[in-house]
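Letter by letter, the chains look like this.
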Amino acid sequence: MKFALTLSAMLLMGCSAATSPTPEPKPMPKFDKAAMDTLLSTAVENGDVIGTSALVFNEGQTVYTGTFGLRDRERKTPVTLDTVWRIYSMTKPVTSVVIMDLQEEGKLKLSDPVSEYIPELGNMQIAKMGEDGTPSFEPQARPITIEDLLLHRSGLGYGIFGPVNPVAAAYEKAGLFTPEETLETKMTKLSQLPLMFQPGEAWYYSYSIDVLGRIAEVIEGKTLGEIMEARIFSPLGMNETGFGVRPDQKAHFVSNYFIAEDGSFALAEDGQTSPYLNPDNKFQSGGGGLVSTLGDYARFAQMMLEGGVYNGHRVLDEATVELMMQDHMGQDKPYLLPWIGPAQMSGFGYGGSIEIADTPEKLAKSGKAKGQWGWSGAARTVFYVDRPNNAFGIIMLQFFSAEDPQIHDDFRALAYEQTKDTAP
């Protein structure tokens, strides 16, 4: 286990408690709480969201928390700070931290072939789509590496974007997300599918991080949930985060919605009858399976902001955090989905996207400033870590939609305006 030596501990080692100076309390950084309250409450009142909670952290202190609207529209129960949210792909940064922790311990190298840990993924075919939409196949030019998985450049598909071509349809039909099977079984299914392109050729959002979860299981001989609990959740006090909803959390579990064709919200999954409540579920998705609370995920974000340490416990070395928050994908390879890439002035690091440049227009529109690292979840949860400005932000929503809701950009823009470093 890793522990960071706090300033107070170092002082006590050098002098007695009687002579140790009492630290002055830090003044609370300025933050326009009323403006953020108005932004979020108006989104609820206008029907743009059913319920939301948000947190902003700046200069070592939580400067804003707010909860608005309903976590369960049908039962009219409000969002509270202990509301449990499906964070879906905000699981990916957590799994990536596990991998980087194992790398620090010398249990793996980022250059390792995936087949060293999961042999059945060592000889997948690459599908090339013909002009008539029929795929042809060719062998891999090189193995998939762990770094390829971290960067979504493995060539793997996902099966969550619809049957847009025969390969996507095959991923969709493969049952890669069924709850009754373990990650080990999912790897066998995955091995029977083709890659979409040669490893390293492009960025495509994929099943890669689920494969990383299985690699962690192979190395440690434990389930991914057990690994996360030991390395992250227990040390950081993330007691409400896991791959299922406990009975004592049930009353706080949010219902999930989707935007219907007429623009209204329709129930997608009732929080009180959700599959997440089933203790027999075996699939622990490293790419999207966690539930968490606003406060729990803030502990994870703070650990990353503070260079891998939280409340005296070190999860990662600071150099590793800095490495994760660099653009390793680069800008010279194609991004096959429009979310990030050169046109958005963003790239991809380990576990999340990284803003590589900004403009006054970009900052005013979305608050996405150079150096910010983070990711989002399918039900419209978002977090970012802004190490250049010593801040982070999290906003929780719970619905599926074709486009990102405007509240994402509005929240980040307002939070950035309040937390940016104005010193010369």
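That block above? That's the structure.
Residues numbered from 1 in each chain as written. Predicted model: local features only at pLDDT ≥ 70, side-chain atom pairs only at ≥ 80, totals over all residues. Heavy atoms only, no water.

## A short note on the pattern of salt bridges
Thought 1: Per the counting criterion, the structure on display carries 24 salt bridges.
Thought 2: Between K109 and D112 there is a salt bridge, with its nearest N and O atoms 3.4 Å apart.
Thought 3: Judged by relative accessible area, K109 falls into the exposed class, the value being 52%.
Thought 4: Residue classification places D112 among the buried positions, given a relative accessible area of 5%.
Thought 5: Taken together, the shared-partner salt bridges connect D101, E105, K107, E220 and R231 into one network. (Salt bridge = Lys/Arg side-chain N within 4 Å of Asp/Glu carboxyl O. Buried < 20%, exposed > 50% of the residue type's maximum accessible area, 1.4 Å probe, protein only.)

## As for the packing of aromatic side chains
Thought 1: Within the structure shown, the criterion is met by 24 aromatic pairs.
Thought 2: Here the aromatic rings of Y88 and F400 are separated by 5.8 Å at their centres, their planes lie at 45 degrees, and the arrangement is tilted. Residue Y88 is found in the loop between β4 (85-86) and α3 (91-104), and its partner F400 is found in strand β17 (residues 399-400); the two are separated by 312 residues along the sequence.
Thought 3: Residue F400 is classed as partly exposed on the basis of its relative accessible area of 31%.
Thought 4: Between W203 and Y335, the aromatic rings sit 5.8 Å apart at their centres with planes inclined by 35 degrees, giving tilted as the arrangement. You can see W203 sitting in the loop between α6 (183-191) and α7 (208-220) and its partner Y335 sitting in the loop between α10 (318-324) and β12 (346-348), a full 132 residues away along the chain.
Thought 5: Using a relative accessible area of 0% as the deciding quantity, one classes W203 as buried.
Thought 6: Here the aromatic cluster, defined as three or more aromatic residues joined through ring pairs, consists of Y158, F161, F177, W203, Y204, Y205, Y207, F283, Y335, W339, F348 and W375. (Phe/Tyr/Trp six-rings, centres within 6.5 Å; stacked < 30°, edge-to-face > 60°. Helix = DSSP H or I, 4+ residues; strand = E, 2+ residues; numbered from the N terminus.)

## Overview of the packing of α3 against α7
Thought 1: Where α3 contacts α7, the axes come no closer than 10 Å and their chain directions differ by 40 degrees. Put simply, α3 runs oblique to α7. Here α3 and α7 pass one another in a crossing that is left-handed. Judged by residue contacts, K92, T95, S96, V98, I99 and L102 of α3 engage I209, L212, G213, A216, I219 and E220 from α7.
Thought 2: Taken together, the residues of the contact of α3 with α7 break down into seven nonpolar, three polar and two charged. (Axes fitted to C-alpha atoms, helices over the stretch in contact; angles between N-to-C directions. Parallel < 35°, antiparallel > 145°, perpendicular 65-115°, else oblique. Left-handed = near helix turned anticlockwise from the far one by under 90°. Contact = heavy atoms within 4.5 Å. Nonpolar A, V, L, I, M, F, W, Y, C, P; charged D, E, K, R; others polar.)

## Concerning the pairing of strand β5 (residues 125-129)
Thought 1: Bridge analysis of β5 against strand β6 (residues 135-139) gives five bridges, and the strand direction is antiparallel. For I126, the partnering residue across the bridge sits in β6 and is E138.
Thought 2: In this structure, the hairpin formed by β5 and β6 is closed by a connection of five residues, where G133 is found at a positive phi of approximately 85 degrees. (Pairing = 2+ DSSP bridges.)

## Description of the side chain of E181
Thought 1: By the element assignment, E181 lies in the loop between α5 (166-173) and α6.
Thought 2: For E181, a relative accessible area of 18% translates into the label buried.
Thought 3: Looking at E181, its side chain comes within polar contact range of the side chain of T178, at 3.1 Å.
Thought 4: Only 2.8 Å separates the side chain of E181 from the side chain of K189, close enough to count as a polar contact. (Polar contact = N/O pair within 3.5 Å; in protein donor to acceptor, adjacent residues only side chain to side chain.)

Geometric values such as these leave the question of function open.
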